[in-house]
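# Observations on the three-dimensional arrangement
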Amino acid sequence: MRTATRSPGFELSGEPVGLTALLRDLWAARRLMQTLARKDFYVRYRRASIGLLWAVGLPIIQALVFVVIFSKLTHFNLGVSYPVFVITGMISWSFFSSAVTTATTSIVDGSGLASKVYFPRASLPIVSIWSNFHGYIPSVVVLLGLAAIFKAPLGWSLFLLVPATILMLSLAVAISLVFAALHVYFRDMKYIVQASILPWFWASGVVYPLRDLGRLGRLLKFNPAVGVLGMYRAAMGVGIASWTVPALISVAWVFVLLCAAVPIYRRYDRVFVDLL
Amino acid sequence: MSDKVISIRGVGKRYVKYDDVPLLLTRALRFRAGNRRTHIWALRNVDLDVAPGESVGVIGRNGSGKSTMFQMLAGVTAPTEGTVRVQGRVAPLISVGIGFHPELTGRENVYVNGMILGLTKREIDARFDSILDFAGVEEFIDTPVKFYSSGMFVRLGFSVAVSVDPEVLLVDEVLAVGDLAFQAKCFDRMDEIRRNGATILVVSHNLNAIRRLCSRVLLLHDGLPRFLGETDEGISKYHDLIGTPTVAGEDTAEVQITHFEICDSTGKLTSQVKAGEEVLCRARVRFSQATDTPVFLLRVNKDSGQEVYAENTPPTYSRRVEAGETVALDIRFRAALPTATYFVQIAAGMGAFEGAPKAVGKAIGFFVGGRSWVKGTNDLEGSFEFGRAEPYTDGLKAALPSSPKRKASVKRKASAAARTGHRERLIPGSEENIPR
């Protein structure tokens, strides 16, 4: 079980779980989360004959479709390589959207586990995101290769990949924690998220520059995904707008969502199972 | 800090029961009319302290709150009121193979399952061989478990679960797994865990297992604790509870069973019978119509519903009963039965023909058990003797009468009170010892 060898035993009452206890349990469960995430990732591609290639291939194929179609239809005045612009956006977005979609249902999907043993329920969405992340790392390697082929101006800015990735993971975790908890009570969440993904995709400027939308584009800076994509593009040398303000907005979103998640998990951590 | 491993104080658990699927839309529309949901207390006012090394059984009918209590002890759900405190590592044997994925190999699943149960990777490495050994699936350990037989799957899951070396082991009905040889192994392993100082809590309908493993029982009924104490007494109380009509009787206008009870051979009301002893069923049957052929039936069923014994009086054997007469019916039978819960039921009718009016009494539950230290389903009342080995001459029979004096007869004496109708053991080779 959770705290296993470190601090065995527990005390339960109807009261909300203390924040320190919640974080301590979550920390104690880190190896379990890693194991579950690896298992989840491994199982997902095990039966496919080219396995892991799908994790990398899908966003690339989607990106190439946009590159081909949009290059024929229109010309964005970007000043940077359009293929690198799209592939960068697409790889990050496809990780983000699939992570949030699967993590939203993770607590409900994990009921088989959750009704038998205790571990902090917050670990389920985290496991789901971490499992998706296993496929993201090779995607970034492919992205770097493609950027080199398309002669993107790579340089020191590449170090921005690290904070960009941390921001993207934090955002995915924060959103998923809230959505997954809501999904236990309102099973509609799953469909709400599925329905939101496409509008959100277009609202994040994944395959086109948001500034071309004019006033609407400026409004969309409050979309938390915009800051993440801006940082990634800056890292890959295809940045077309300042990323600092949108990134700060994303950080604010992470903070707000985590603040919302904490009381939910303190109150319902040990009661979710009653509704599964 | 108390020395109790488990401490449950005034615990209650309330669930919300929805009368229908809570669609957001219909709920919103019905908002003012009030929600159609009710609260149900699955468990209430439970207090229990368990000391290290103790084993306690939790018994009760389905829906009495046993599983809810175990979920709280496993830390899976929190109580609505009161506190549950558990010290030490808990291994919930509530179901085996938690988190097993069919696509993963046995080896991979052992690691995932072990970590779910709270072991570290290093701890699993150290236990891996013994886990494999216990499960007996060495050849298939690198095969995906989807190719396992259900028995192999369960054995592997159980092996991981019992390898945890828990301070508290929660056992919920999982002993009904695997073949008999594996079940025996599980029992031995649980004994070993207990000897190592672990605390065991058992939920089971298999009262034989409870009797074997537990020194105390907690009896739950409709979510409330009814009894906490010595096992046999608890089992007896449990049967008093299930003896109250579970299967309602059916009376007809012509025949009514007005009273039915079961007693031991001395006529004392009981719900627990020693194996092999006589049971007396006493009933009052009222006939509203006169009949020349009253018929009576006795049926004993196992709690699983399987018929163990049924016999009825032949119509020819009867005597006339007048209209309005109430007859006293005594039926005696010998409880030569394996340890288990049984239900006894009587019926009375007018003639053995199909369609003849008859009354069926309610079923009363009772427990048949062998002597408390005996393991297994049947008390075969074995006797043990040993003496100095003599060289065989014409086989053992010839050797025995030559040295009857040296024999020492060893037997564990049942307490006289517990064993009415005490019989002497036969000692082969000394004919005069045979009673009767």
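See above for the structure.
Residues numbered from 1 in each chain as written. Chains lettered and ligands numbered in written order. Predicted model: local features only at pLDDT ≥ 70, side-chain atom pairs only at ≥ 80, totals over all residues. Heavy atoms only, no water.

The next subject is the overall build of chain A. The number of helices and strands found in chain A is twelve helices and one strand. Reading the helices (α) and strands (β) of chain A from amino to carboxyl end gives β-α-α-α-α-α-α-α-α-α-α-α-α. Relative to its length of 276 residues, chain A is compact, with a C-alpha radius of gyration of 20 Å against a globular reference of 19 Å. Principal-axis analysis of the C-alpha atoms places the extent of chain A at approximately 60 × 45 × 35 Å. (Helix = DSSP H or I, 4+ residues; strand = E, 2+ residues; numbered from the N terminus. Rg over C-alpha atoms; globule rule 2.2 N^0.38 Å.)

It is worth spelling out the sheet that holds strand E8 (residues 216–221) of chain B at this point. Residue and element names in this part refer to chain B. In spatial order, the strands read E5-E6-E7-E3-E8-E9; together these six strands make up an open sheet with mixed pairing. Among the strands making up the open sheet, the edge pair consists of strand E5 (90–93) and strand E9 (224–230). Looking at each pair of strands side by side, their axes are set apart by 15° on average, direction ignored. In terms of strand pairing, E5 meets strand E6 (residues 168–172) through four bridges, oriented parallel. Pairing of alanine 91 across the sheet is with leucine 169, part of E6. Docked against the sheet, helix H2 (residues 66–73) engages strand E3 (55–59), E5, E6, strand E7 (199–203) and E8, running at close to 150° with respect to E7. (Pairing = 2+ DSSP bridges. Axes fitted to C-alpha atoms, helices over the stretch in contact; angles between N-to-C directions. Contact = heavy atoms within 4.5 Å.)

What follows is about the sheet that holds strand E10 (residues 255–264) of chain B. All names here are of chain B. If you trace the three strands from one edge of the open sheet to the other, you get E10-E12-E15, paired in antiparallel fashion. Of all the strands in the sheet, the pair left with one neighbour each is E10 and strand E15 (326–334). Each strand axis lies, on average, 20° off the axis of its neighbour in the sheet, ignoring direction. Two strands pair when backbone bridges link them, and strand E12 (residues 278–287) and E15 are joined in this way by nine bridges, in the antiparallel orientation. Pairing of alanine 283 across the sheet is with leucine 329, part of E15.

Our focus in this paragraph is the layout of surface pockets. Residue and element names in this part refer to chain B. One number sums up the size of the second largest pocket: a volume of about 620 Å³. Lining of the second largest pocket is provided by 30 residues; of these, Asn206, Asn208, Ala209, Thr339 and Thr377 occupy positions nearest its centre. Contributions of two or more residues to the lining of the second largest pocket are made by helix H6 (180–195), helix H7 (207–213) and strand E16 (340–350). Partitioned by chemical class, the residues of the lining of the second largest pocket number ten nonpolar, twelve polar and eight charged. (1 Å grid on protein atoms, 1.4 Å probe; cavity = no way out; pocket = protein on both sides within 12 Å on 5 of 7 lines; lining within 4 Å. Points joined across faces, edges and corners; volume = space filled by probe spheres on them. Nonpolar A, V, L, I, M, F, W, Y, C, P; charged D, E, K, R; others polar.)

Moving on: the pattern of salt bridges. Here the idea is simple: oppositely charged side chains can pair when their charged atoms come close. Residue and element names in this part refer to chain B. Under the defined criterion, the tally for this structure stands at 24 salt bridges over all chains. Residue aspartate 47 pairs with arginine 9 through a salt bridge whose shortest N-O separation is 3.9 Å. Here aspartate 47 is found in strand E2 (residues 37–50), whereas its partner arginine 9 is found in strand E1 (residues 6–18), with 38 residues between them in sequence. Accessibility expressed as a relative area gives 39% for arginine 9, which makes it partly exposed. (Salt bridge = Lys/Arg side-chain N within 4 Å of Asp/Glu carboxyl O. Buried < 20%, exposed > 50% of the residue type's maximum accessible area, 1.4 Å probe, protein only.)

So, about the nonpolar core. Counting residues in hydrophobic clusters, the biggest one holds 145 residues, and the most contacted among them are A:Phe96, A:Val207, A:Tyr265 and B:Leu156. A total of 14 residues in this core trace back to one element, the largest contributor, which is helix H8 (residues 161–185) of chain A. If we skip the residues at most four places from it in the chain, B:Leu156 touches B:Phe100, B:Gly106, B:Val110, B:Ile131, B:Ala135, B:Val137, B:Ile141 and B:Tyr148. Membership of the second largest hydrophobic core comes to 30 residues, among which are B:Val327, B:Ile331, B:Tyr342 and B:Met350. (Core = buried A, V, L, I, M, F, W, Y, C linked by side-chain atoms within 4.5 Å.)

A separate point is the packing of aromatic side chains. Residue and element names in this part refer to chain A. Counted by the stated rule, this structure contains 30 aromatic pairs over all chains. Residues phenylalanine 70 and phenylalanine 76 carry aromatic rings whose centres are separated by 5.9 Å and whose planes lie at 45° to one another, so their mutual orientation is tilted. With respect to burial, phenylalanine 70 and phenylalanine 76 carry one shared label: buried. Three or more aromatic residues link up through ring pairs in this structure, and these residues are Phe66, Phe70, Phe76, Tyr82, Phe85, Trp93, Phe96, Trp200, Phe201, Trp202 and Tyr208. We note arginine 233 situated over the ring of phenylalanine 85; from NZ or CZ to the ring centre the distance is 3.7 Å. Across the ring face of tyrosine 118, the terminal group of arginine 270 is positioned such that the distance to the ring centre comes to 3.5 Å. (Phe/Tyr/Trp six-rings, centres within 6.5 Å; stacked < 30°, edge-to-face > 60°. Lys NZ or Arg CZ within 6 Å of the ring centre and 35° of its normal.)

Limitation: the analysis is restricted to geometry and does not speak to function.
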